[in-house]
Structure formats: structure tokens, C-alpha cells
Amino acid sequence: KQEVTQIPAALSVPEGENLVLNCSFTDSAIYNLQWFRQDPGKGLTSLLLIQSSQREQTSGRLNASLDKSSGRSTLYIAASQPGDSATYLCAVRRGSNAGGTSYGKLTFGQGTILTVHP
Amino acid sequence: KAGVTQTPRYLIKTRGQQVTLSCSPISGHRSVSWYQQTPGQGLQFLFEYFSETQRNKGNFPGRFSGRQFSNSRSEMNVSTLELGDSALYLCASSLAGGVGYGYTFGSGTRLTVV
């Protein structure tokens, strides 16, 4: 059974700092990994998607890396801003089974609550 | 391009009643998944539909059911509501079960059972 762990559970930093959020998963047979952001009471906003064959993806101030063999991903946020305050979630999608039927289930971590103060 | 639309946004129901939630995926997306989010359990997978067929189901009781229509719109139904069913229910849309382009989530339906 896939388990996803995110560390730290909460993080508070001053504006302008660079920071790293960590995600680890127990089963390396993943198809891809997706990072999401969630604002209080809202849905999920996709930030970055990394396919299992990729090592990293970048979007603006965000960079996500994936080390499938060790079961780890990191989300790097450069020059943090108060508007980055939110809960960050990582989710892994299981890979296809031997019969070729793909399993579309995402397994989520518990999230990292990020607060960036001015 | 319109995103994933979930209706209604908020619902208050009484224990024992049933409820139906709706999700309209992004145009062209054939896969719809449903998740339940609670403070204690986090995000948990309910089920996934692709081309009107349920392909995958999470570990939830039979009171939770769903379906998908020919236009890819999906509904989920919860019968005999319990207080513990209070949660944010999120729908996710993808081209084909998350292959290639990942998932896009809606804003969710906040269900409160009293």
C-alpha cells in the first residue's frame, strides 16, 4: 500500500526566504507525482507535474525534483512571498499494472502548511 | 477554457438523508475522480470513472456511490448520511486517468451533516 509523507507539517518563514518542502513515498512504482497548493476552504491548484521518467520540473519561482528510486520529491520555492502562504500537497499516481490497466488513483500526503510573514 | 465545475458549493443535510453532488469536467476530459477531504484523514480517494465505467474504487462503504454520464459529467451520491460524512468533496478531471497531463481539481462541495 502506497504511503506518502510530507515534512515538515508546518513551516513559518519571513518573506524573501528560499525554502524546501519534502515528500517521500513508499512504493517507487509510480506513474507521476504532482504538487498542489490549497488555500483555506478551497480546491486544489496544480503547481507542477513530474513524470516518472523526469528528474525535475520548473515553473517560475517553483522547482520540483523527483528521485523515484529513493522515493523522494522536493518542492523548492525561491524568494517566498506572503501570497505563497497555503497548504502544499504532494500526490503520487500509481503506475500501470502488468496487464496494462492504469490506476488513476492519487495518494496524497498530509500536506505542509506554509506561512510567509512580511 | 472552463475549469472543473462542482455544484453545489455548500450543502447542509440532516443525518439519515441522502445527497447528490455534481461534477462537470474540463471539456474533452473523459476521466473523473472523487476525493473526500477531512481534517483528520486528509484527502482520500473515493472512486474514478472513465467513459462511464467505474475503474477504481477506494475503501468507503457502499453508501457512497457514483456514476458518469455520456457527456463525462459525474455525480456522486451518499445515502443515509452520518455525521462523519461532513467533509469537503473534491472532483478531479483528467484526459485519461492522469496520464500525461495530471489532474485538475474543482473548488469542491462543502457538505455539513447535522
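Residues numbered from 1 in each chain as written. Chains lettered and ligands numbered in written order. Predicted model: local features only at pLDDT ≥ 70, side-chain atom pairs only at ≥ 80, totals over all residues. Heavy atoms only, no water.

1. Looking at the overall build of chain A
Looking only at helices and strands, one finds 0 helices and 11 strands in chain A. For chain A, the sequential pattern of α-helices and β-strands runs β-β-β-β-β-β-β-β-β-β-β. For chain A, whose C-alpha radius of gyration is 14 Å, the value lies close to the compact-globule estimate of 13 Å for 118 residues. Along the first, second and third principal axes, the C-alpha atoms of chain A reach 50 × 30 × 20 Å. Relative to its full complement of 118 residues, chain A shows a buried share of 43%. Long-range contacts, defined as pairs at least 24 residues apart, comprise 55% of the intrachain contacts of chain A with a sequence gap of at least 6. Of the roughly 5,600 Å² of accessible surface on chain A, 48% is carried by carbon and sulfur atoms. For chain A, the distance from the average site of its 10 positive side-chain charges to the average site of its 8 negative ones is 10 Å. (Helix = DSSP H or I, 4+ residues; strand = E, 2+ residues; numbered from the N terminus. Rg over C-alpha atoms; globule rule 2.2 N^0.38 Å. Buried < 20%, exposed > 50% of the residue type's maximum accessible area, 1.4 Å probe, protein only. Contact = heavy atoms within 4.5 Å. Areas by Shrake-Rupley, 256 points an atom, 1.4 Å probe, with all protein chains shown as cover. Lys, Arg positive; Asp, Glu negative; His and termini not counted. Charge placed at Lys NZ, Arg CZ, Asp CG, Glu CD.)

2. Some details on the sheet that holds strand S3 (residues 19-24) of chain B
Residues and elements named next belong to chain B. The 4 strands lie next to each other as S1-S3-S8-S7, forming an open sheet whose pairing is antiparallel. Strands with a single pairing partner mark the edges of an open sheet, and in this sheet they are strand S1 (5-7) and strand S7 (64-68). Here the strands of the sheet are splayed against their neighbours by 15° on average, with no regard to which way each runs. Inspection of the sheet shows S3 paired to strand S8 (residues 74-78) by 5 bridges, in the antiparallel sense. By the bridge assignment, Cys 23 is partnered in S8 with Ser 74. (Pairing = 2+ DSSP bridges. Axes fitted to C-alpha atoms, helices over the stretch in contact; angles between N-to-C directions.)

3. Notes on the sheet that holds strand S8 (residues 72-77) of chain A
All names here are of chain A. Strands sit in the order S1-S3-S8-S7-S6 across an open sheet of 5 strands; the sheet is antiparallel. Every other strand in the sheet has two partners, leaving strand S1 (4-7) and strand S6 (56-59) as the edge strands with one partner each. The mean angle between the axes of side-by-side strands here comes to 15°, regardless of whether they run parallel or antiparallel.

4. A look at the side chain of Ser 74 of chain B
All names here are of chain B. Turning to its location among the elements, Ser 74 is positioned in strand S8. A polar side-chain atom of Ser 74 sits 2.9 Å from a polar atom in the side chain of Trp 34. Within the structure, Ser 74 has its side chain in polar contact with the backbone oxygen of Arg 67 (distance 2.9 Å). (Polar contact = N/O pair within 3.5 Å; in protein donor to acceptor, adjacent residues only side chain to side chain.)

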